[in-house]
Amino acid sequence: MTQDFFIFGAGYSGKGFAAAARDPAIRIGGTTRKPEKFSTLSDVGIEPFVFDGGAPSDELKSRLAEATHLIISIAPDEAGDPVLNAAGDFIAAQMPKLGWIGYLSTVGVYGDHAGGWVDESSECRPVSRRSVMRVAAEDEWLAFGRRTGVPVAILRLSGIYGPGRNAFVNLANGTAKRLVKPGQVFNRIHVGDIAGALWHLAERREGGIFNVTDDLPAPPQDVVAYAAQLMGVEPPPETDFETAELSPMARSFYGENKRVSNAAIKQSGYRFLYPDYRSAFDAMWAAQNWSGEGSGDARSPTKRS
């Protein structure tokens, strides 16, 4: 049977997933909120549809009915998961070919663990409201899987980077900072490994919870310094976190400190393309594809702490 994927919220990660498809016979559809973004989806082989959280159109329902795999990459809101709220009954009753669901979540659900290691069995201590809503959405999708008998994989992603979203871009446009908070580390994942993990789990129709993060939680200032070294430019001066002028959102990310283990996804058989930021930066710099120009990917970094 031909694999037929559908992505709710085909943004940066969804487009990376489609671009990594190895078989041109695989169909991939996906949604965006605005028709003017259709071309960026079509460019990477995604058949575009509009979904803004309301009732799905007849056209969208017709396409969904053919899907064998479903990927959810839309954040929850105060009302819950937008896809389940708008289309949950349809997915349960009118998608007879559906054999796997992947939900893109965040390692932010773990909250703060004072720099200690966490894995999928660790207690979730979400700090921000957005992470509290993520925990609830994960639970909703896992319950949906139990109710329908469809395997659901929860992929807890760390800070996403890749072409168009990285320290090279920030250095080039003058927005890079080296904020120093003693003991602080962040976890990261290259968009290519999000795609790789999704393909790996989808092809096996494997359910469960998986941290999708690289091997090297690291201080953020070290990442900027390494990119500057590769570019042959001076890194920005170090700035003390306590006295830095930051937005409440930016400051909130530093309120969570943890090292996230990726042992479970490795035990499932996945091998990382980029096991740490250094190998990823080396590859992007060597290929000169870090800017994302022409790919529709040159946007601000996604924070998942």
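Read on for a plain summary of the structure. The structure displayed is predicted, hence computed values, not measured ones. Each chain carries its own residue numbering, running from 1 in the direction its sequence is written. For a predicted model such as this one, the threshold for reporting local features is a pLDDT of at least 70, and the threshold for listing and counting side-chain atom pairs is 80 or more; totals across whole chains, interfaces and linings nevertheless cover every residue. Excluded from the side-chain calculation are hydrogens and water; included are all heavy atoms of the structure.

**Side note on the overall build of the protein**
Scanning the protein for helices and strands turns up eleven helices and 13 strands. The C-alpha radius of gyration of the protein comes to 19 Å, within 12% of the 19 Å expected for a compact globule of 305 residues. Oriented by its inertia axes, the alpha-carbon framework of the protein measures out at about 55 × 40 × 35 Å. Only protein chains enter the accessibility calculation, which uses a 1.4 Å probe; a residue whose area is less than 20% of its type maximum is buried, one above 50% is exposed, and one in between is partly exposed. The buried share of the protein, taken over its 305 residues, is 52%. Put simply, of all contacts in the protein between residues at least 6 apart along the chain, 80% involve residues at least 24 apart. As displayed, the protein has an accessible area near 13300 Å², and 50% of this comes from carbon and sulfur atoms. Working convention for charge: Lys and Arg count positive, Asp and Glu count negative, and His plus the chain ends are omitted. To locate a charge, take NZ of a lysine, CZ of an arginine, CG of an aspartate or CD of a glutamate. Looking at the protein, you have 32 positive and 36 negative side-chain charges, and the mean spots of the two groups are 1 Å apart. Helix numbering and strand numbering both begin at the N terminus, where a helix is a DSSP run of H or I of at least 4 residues and a strand a DSSP run of E of at least 2. Only the C-alpha atoms count toward the radius of gyration. The rule for a globule is 2.2 Å times the residue count to the power 0.38. Two residues form a contact once any of their heavy atoms are found within 4.5 Å. Each accessible area is a Shrake-Rupley estimate made with a 1.4 Å probe; only the visible protein chains count as cover when residues are assessed.

**Points about helix α11 (residues 277-287)**
All of the buried residues along α11 are Tyr-277, Ala-280, Phe-281 and Met-284. Angularly, the buried residues of α11 cover 95 degrees about the axis, an arc narrow enough to put them on a single face. Facing away from the buried side of α11, by more than 90 degrees, are the exposed residues Ala-286 and Ala-287. Buried-residue contacts for α11 involve β8 (159-161), α6 (167-173), β10 (188-190) and α8 (220-231). Note that the arc is defined by the directions from the helix axis to the C-beta atoms.

**Overview of the packing of aromatic side chains**
Centres within 6.5 Å make a pair out of two Phe, Tyr or Trp rings, where for Trp the six-membered ring is used; the pair is then stacked when the planes are under 30 degrees apart, edge-to-face when over 60, and tilted otherwise. This structure, assessed with the given rule, holds 18 aromatic pairs. Measuring from centroid to centroid gives 5.9 Å for Tyr-277 and Phe-281, while their planes differ by 70 degrees, and the two rings are edge-to-face. Of the two residues, Tyr-277 and Phe-281 are both situated in helix α11; the distance of four residues between them amounts to about one turn of the helix. A relative accessible area of 3% means that Tyr-277 is categorised as buried. Taken together, the ring pairs connect Tyr-161, Phe-168, Tyr-226, Tyr-277, Phe-281, Trp-285 and Trp-290 into an aromatic cluster.

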